[in-house]
Amino acid sequence: MYSKHVWRSMLFPGSCHFTSAATRWSLLGYSVLVVSIIVNGAVFQHFYTRNISPRTVETYTFVEFDFPLSVIPIENYPYNSRLLVEDTVRYQLNSTEEWRSMFPESGGFVRLGSQHRLFGVSMFHQLHCLDKLRQSVLAVPSTQWERWHTQHCLNYLRQMILCASSMRLEDVKNGEKVNGLGLEHKCRDWSVLYNYAAENFKDWPADVYP
């Protein structure tokens with residue numbers, strides 16, 4: 001009988017040299033793989049630490065674009081509230097004071113950093129635009145500025161709704177209608193933002209106003 005070595009030589013001529021070359025290439029491949037993992041790990045750690053890891057407010061200069069993306073760290077503002085959709089008798093088209101009550105004294109603006117830089121907060125911007133559309137229903141905008149403002153608000157709300165992209169299913173009633181009433185939605189607690197803006201306003205310098 002032939003030995004295993006002879007069988008390999010018969011079936012794969014030059015296999016001893018091939019095996020030696022394959023071993024060298026395998027070792028080289030493993031080495032490249034290990035180096036790639038180390039390098040990619042270092043790069044990932046660098047960018048994760050630099051761009052993703054939470055930063056405290058004190059680490060921002062609030063100059064140009066060096067400011068946090070949200071007024072409250074996202075990890076501190078979870079979706080832990082519920083909202084039941086209902087037809088309320090409040091917030092009618094002509095209930096101006098009730099619509100104004102949704103805004104803190106600052107109008108929904110905050111000042112941050114050592115220079116008290118002024119920022120808007122998107123939720124209050126959205127509420128402002130909703131109120132602007134309410135006003136345009138009561139009275140057609142009469143100036144070019146008011147028409148632009150109304151159109152801006154319409155587009156801004158459209159984009160914010162698309163950004164939120166609520167996936168809540170709403171059952172069809174009477175075979176053809178959807179009103180969303182009586183359905184519960186998982187939300188953030190909006191009063192947290194309201195209270196933050198109200199407290200922030202207390203620290204505004206006396207010589208500034210939104």
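Since the structure is predicted, the reported quantities are computational estimates derived from the model, not experimental observations.

Caption draft 1: Layout of the pattern of salt bridges. According to the stated counting rule, one finds seven salt bridges in the structure shown. When the shortest N-O distance is used, the salt bridge between Asp131 and Arg134 registers 2.6 Å. Of this pair, Asp131 and Arg134 both sit in helix α4 (residues 122–138), three residues apart, which is roughly one turn of the helix. Note on Asp131: relative accessible area 11%, which makes it buried.

Caption draft 2: Examining the side chain of Ser136 more closely. Relative to the elements of secondary structure, Ser136 occurs in helix α4. Among the residues examined, Ser136 registers a relative accessible area of 19% and is labelled buried. A polar contact is formed between the side chain of Ser136 and the backbone oxygen of Leu133, at a distance of 2.7 Å. With residues near it in sequence (within four places) discarded, Ser136 still touches Pro141 and Thr150.

Caption draft 3: Local environment of the packing of α4 against helix α5 (residues 144–164). At a closest axis distance of 9 Å, the pairing of α4 and α5 adopts a crossing angle of 130 degrees. Between α4 and α5, the crossing angle belongs to the class labelled oblique. Here α4 runs over α5; the crossing is left-handed. Of the residues in α5, those in contact with Ser122, His125, Gln126, His128, Cys129, Leu130, Lys132, Leu133 and Ser136 of α4 are Glu146, His149, Thr150, His152, Cys153, Leu154, Tyr156, Leu157 and Met160. For the contact of α4 with α5, a count of residues per class yields eight nonpolar, eight polar and two charged.

Caption draft 4: Quick peek at α5. Under the 1.5 Å per step criterion, the end-to-end length of α5 is 30 Å for 21 residues, consistent within 8% with the ideal 30 Å. For α5, the set of buried residues is His149, Thr150, Cys153, Tyr156 and Leu157. For α5, the angular spread of the buried residues around the axis is 130 degrees, confining them to a single face. In α5, the exposed residues that point more than 90 degrees away from the buried face are Gln144 and Leu162. The elements touched by buried residues of α5 are α4. Backbone geometry just after α5 places Ser165 at a positive phi near 45 degrees.

Caption draft 5: Fine view of helix α6 (residues 190–202). Helix length check: α6 (13 residues) gives 19 Å between terminal C-alpha atoms against 18 Å at 1.5 Å per residue, within 8%. Inspection of α6 places Leu193, Ala197, Asn200 and Phe201 among the buried residues, and these make up the whole buried set. Seen along its axis, α6 keeps its buried residues to an arc of 105 degrees; they face one direction. Taken together, the buried residues of α6 touch β2 (109–112) and α4.

Caption draft 6: Structural context of the layout of surface pockets. By volume, the largest pocket amounts to about 2,500 Å³. Secondary structure elements with two or more residues in the lining of the largest pocket: β1 (81–84), β2, β3 (117–120), α4, α5, β4 (184–187) and α6. Here the residues of the lining of the largest pocket are counted per class, giving 30 nonpolar, nine polar and seven charged.

Caption draft 7: Spatial organisation of unusual backbone geometry. A positive phi is found at Phe62, a non-glycine position, where the angle reads about 60 degrees. Its place among the elements puts Phe62 in the loop between α2 (15–52) and β1. Here Phe62 falls in the buried class, since its relative accessible area comes to 7%. Even without being a glycine, Ser165 presents a positive backbone phi close to 45 degrees. Position of Ser165 relative to the elements: it lies in the loop between α5 and β4.

About the cut-offs
- Residues numbered from 1 in each chain as written.
- Predicted model: local features only at pLDDT ≥ 70, side-chain atom pairs only at ≥ 80, totals over all residues.
- Heavy atoms only, no water.
- Salt bridge = Lys/Arg side-chain N within 4 Å of Asp/Glu carboxyl O.
- Helix = DSSP H or I, 4+ residues; strand = E, 2+ residues; numbered from the N terminus.
- Buried < 20%, exposed > 50% of the residue type's maximum accessible area, 1.4 Å probe, protein only.
- Polar contact = N/O pair within 3.5 Å; in protein donor to acceptor, adjacent residues only side chain to side chain.
- Contact = heavy atoms within 4.5 Å.
- Axes fitted to C-alpha atoms, helices over the stretch in contact; angles between N-to-C directions.
- Parallel < 35°, antiparallel > 145°, perpendicular 65-115°, else oblique.
- Left-handed = near helix turned anticlockwise from the far one by under 90°.
- Nonpolar A, V, L, I, M, F, W, Y, C, P; charged D, E, K, R; others polar.
- Expected span 1.5 Å × (residues − 1).
- Arc of directions from axis to C-beta.
- 1 Å grid on protein atoms, 1.4 Å probe; cavity = no way out; pocket = protein on both sides within 12 Å on 5 of 7 lines; lining within 4 Å.
- Points joined across faces, edges and corners; volume = space filled by probe spheres on them.

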